[in-house]
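Spelled out from the first residue to the last, the chains are:
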Amino acid sequence: MNTNYYTATEVADMLSVSKRTLSCWEKNGRLVPELEPETKQMIYTLEALCKFNPAFKNKSNKWDEEMKTKPNRDYTSVELFAGAGGLALGLEKAGFKSVMLNEIDANACATLRKNRPEWNVIEGDIANIDFKQYKNKIDFLSGGFPCQAFSYAGKRLGFEDVRGTMFYQFARAVKEIQPKVFMGENVRGLLTHDQGRTITTIKGIIKDLGYVLIEPRVLKAIFYMVPQKRERLILIGIRKDLIEKANFEWPAPYKRILSLKDSLKKGILYDCDCPKSDGQQYPKRKREILDLVPPGGYWRDLPDDLQREYMKGSYFLSGGKTGMARRLSWDEPSLTLTCAPAQKQTERCHPEETRPLTVREYARIQTFPDDWEFVGTQTSQYKQIGNAVPVNLAYAVGRSLIRLLNDIESDEIKERKVPIDNEIRQLELVF
């Protein structure tokens, strides 16, 4: 995959648009592809993309520099809703030292303990944990609280009004611990959940707790050495008394987008092909049908009679249903992994063999190291991996957070930023 041009699929992923939209842009001259002489396929050059959107100029100029990030000291962390450790492992690689991790799922806790016996894993309901023992002793708190609706009996909901939700428990931990910085991660849908009222309430509560929220951003995993079309909403909060010293920058993207081949074959991510492991299997008839689906294809690539047989009533419904009977392609990133690779609505079939992805293949697409072992039944292992934050995405965000904490504790930043802020205040008074 060349770093100076991109295929239509890659550009569509990067811009969060469909290939149909790209075709419309091509027709009206907004963004026109070129013929690549060697492969004879239509591609988009970096030069054309930069003209279309100047943000592409910053595509890969800082990744190598950011990889050199090191903590000025050991920054302590607490993680909530830790799952199987994708976020924790990425943050550890960035330089954080875990003080405590909480998770309610027994198998996920067993996974954490098996791989990191030294971690303090607290198993059980977060509502039963007293966080006051960590007050002013923790630099950073993180967690992926579930997206839940709030009850809007009043005009404006405060901290106590959202009791009974997992966000309340996350906010309670922030209130009791008072970390310098916190990070919440969630699905993209949180931004529009309940017509936007959920995120508005969350922002208000964070402000009331004494934190400044960096404007939330959806990060595409494909930009951060993750061969998967996964998106996570990231919320970063900085304690108000530290905001004048803070200088947060989102992580720079990697120089290219990795494909499924990069995760399952020896190469840039791993020094060997994917190890063999257990995995689900298809029933005989389903395997016979999926045998006819080409790499990168789905149910519409089947003969009409098999489309009708496989889709049943869904055949007559509107919508693309592109996840059904879907076979992955070696040359593209994987679709977002779900908690089970053989679900009919979200098929994740191997690009060559007619079978679901194995447990180890799932783990590689989430960029877990091969020595990270998962505990529990096969179903539980798939679920743990499918719910995880990709390790390399967590690592990239973790480096940005380490730089933020380095800045907060830097005398140089303190001396540089405060006078500038004072000058801004004086200008505001003048005008």
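About the criteria used
- Residues numbered from 1 in each chain as written.
- Predicted model: local features only at pLDDT ≥ 70, side-chain atom pairs only at ≥ 80, totals over all residues.
- Heavy atoms only, no water.
- Helix = DSSP H or I, 4+ residues; strand = E, 2+ residues; numbered from the N terminus.
- Rg over C-alpha atoms; globule rule 2.2 N^0.38 Å.
- Buried < 20%, exposed > 50% of the residue type's maximum accessible area, 1.4 Å probe, protein only.
- Contact = heavy atoms within 4.5 Å.
- Pairing = 2+ DSSP bridges.
- Phe/Tyr/Trp six-rings, centres within 6.5 Å; stacked < 30°, edge-to-face > 60°.
- pLDDT = per-residue confidence, 0-100.
- Salt bridge = Lys/Arg side-chain N within 4 Å of Asp/Glu carboxyl O.
- Axes fitted to C-alpha atoms, helices over the stretch in contact; angles between N-to-C directions.
- Expected span 1.5 Å × (residues − 1).
- Lys, Arg positive; Asp, Glu negative; His and termini not counted.
- Polar contact = N/O pair within 3.5 Å; in protein donor to acceptor, adjacent residues only side chain to side chain.
- Right-handed = clockwise from strand over helix to strand, strands pointing away.

Let's shift gears to the overall build of the protein chain. Counting its regular elements, the protein chain contains 15 helices and 12 strands. For a compact globule of 431 residues, the expected C-alpha radius of gyration is about 22 Å, and the protein chain comes in at 23 Å, within 12% of that figure. Summarising its shape, the C-alpha atoms of the protein chain cover approximately 70 × 50 × 50 Å along the three principal directions. By residue count, 53% of the 431 residues in the protein chain fall in the buried class. Within the protein chain, contacts between residues separated by at least 24 positions form 68% of all contacts whose residues are at least 6 apart in sequence.

Our focus in this paragraph is the pairing of strand β7 (residues 140-143). Neither face of β7 is left uncovered, since the one carrying F140 and S142 and the one carrying L141 and G143 both have all their residues buried. Here strand β4 (residues 75-80) pairs with β7 via four bridges, running parallel. Across the sheet, residue S77 finds its bridge partner in β7, namely F140. As defined by bridge partners, β7 adjoins strand β8 (residues 181-186) across four bridges and the pair is classed as parallel. Across the sheet, G143 pairs through a bridge with G184, a residue of β8.

Before going further, it helps to examine the packing of aromatic side chains. A full pass over the atoms with the stated rule returns 17 aromatic pairs. Ring geometry for F182 versus Y211: centroids 5.4 Å apart, planes at 65°, classification edge-to-face. Here Y211 lies in strand β9 (residues 211-220) and F182 lies in strand β8, a separation of 29 residues in the sequence. Relative accessible area serves as the criterion here: at 3%, F182 is assigned to the buried category.

What follows is about the confidence of the model for the protein chain. Residue-level pLDDT values for the protein chain average 89, and 92% of them are 70 or greater. Low pLDDT, under 50, characterises residues 415-431; the predicted model gives this stretch seven contacts beyond four residues in sequence or across chains.

Scanning the model with the defined rule gives 30 salt bridges in all. Of the charged contacts in the structure, one is a salt bridge between E288 and K284, with a shortest N-O distance of 2.5 Å. With E288 and K284 both in helix α10 (residues 284-290), this residue pair falls four residues apart, about one helical turn. Each of R73, D139, K180 and E409 takes part in one network of salt bridges that share partners.

So, about the sheet that holds strand β5 (residues 96-103). Backbone hydrogen bonds are what pair the strands of a sheet, in a parallel or an antiparallel way. Here seven strands make up an open sheet; going across it, the order is β6-β5-β4-β7-β8-β11-β9 and the pairing mixed. Looking along the sheet, the strands with just one partner apiece sit at the ends: β6 (121-123) and β9. Along the sheet, successive strands turn relative to each other by an average axial angle of 15°, direction set aside. Taken together, the three bridges between β5 and β6 define a ladder with parallel strand orientation.

Despite not being glycine, F81 shows a phi value in the positive range, around 50°. Mapping F81 onto the fold places it in the loop between β4 and α5 (86-94). We classify F81 as buried; its relative accessible area is 19%.

Quick look at helix α7 (residues 166-177) now. The end-to-end C-alpha separation of α7 is 17 Å, in line with the 16 Å expected for 12 residues at 1.5 Å each. Burial of α7 is extensive: 10 of the 12 residues sit out of reach of the surface. Elements that come into contact with the buried residues of α7 comprise β4, β7, β8, α8 (197-208) and β9. Positive backbone phi, at 55°, marks Q178, one or two positions downstream of α7.

Let us now look at the side chain of E103. The topology assignment puts E103 in strand β5. Buried and unpaired, E103 has no salt bridge, with K383 as the nearest side chain of opposite charge at 8.1 Å. From its side chain, E103 meets the backbone nitrogen of D105 in a polar contact 2.9 Å long. Contacts of E103, omitting those with residues within four sequence positions, involve F81, A82, G83, A108, C109, I122, E123 and G124.

If you trace the backbone, T379 turns up in helix α13 (residues 378-386). For T379 and P33, which are 346 residues apart along the polypeptide, the C-alpha to C-alpha distance reads 43 Å.

Across five bridges, the pairing between β4 and β5 is parallel. Of the residues in β5, the one forming a bridge with Y75 is F96. A crossover links β4 with its parallel partner β5, the connecting element being α5, and its sense is right-handed.

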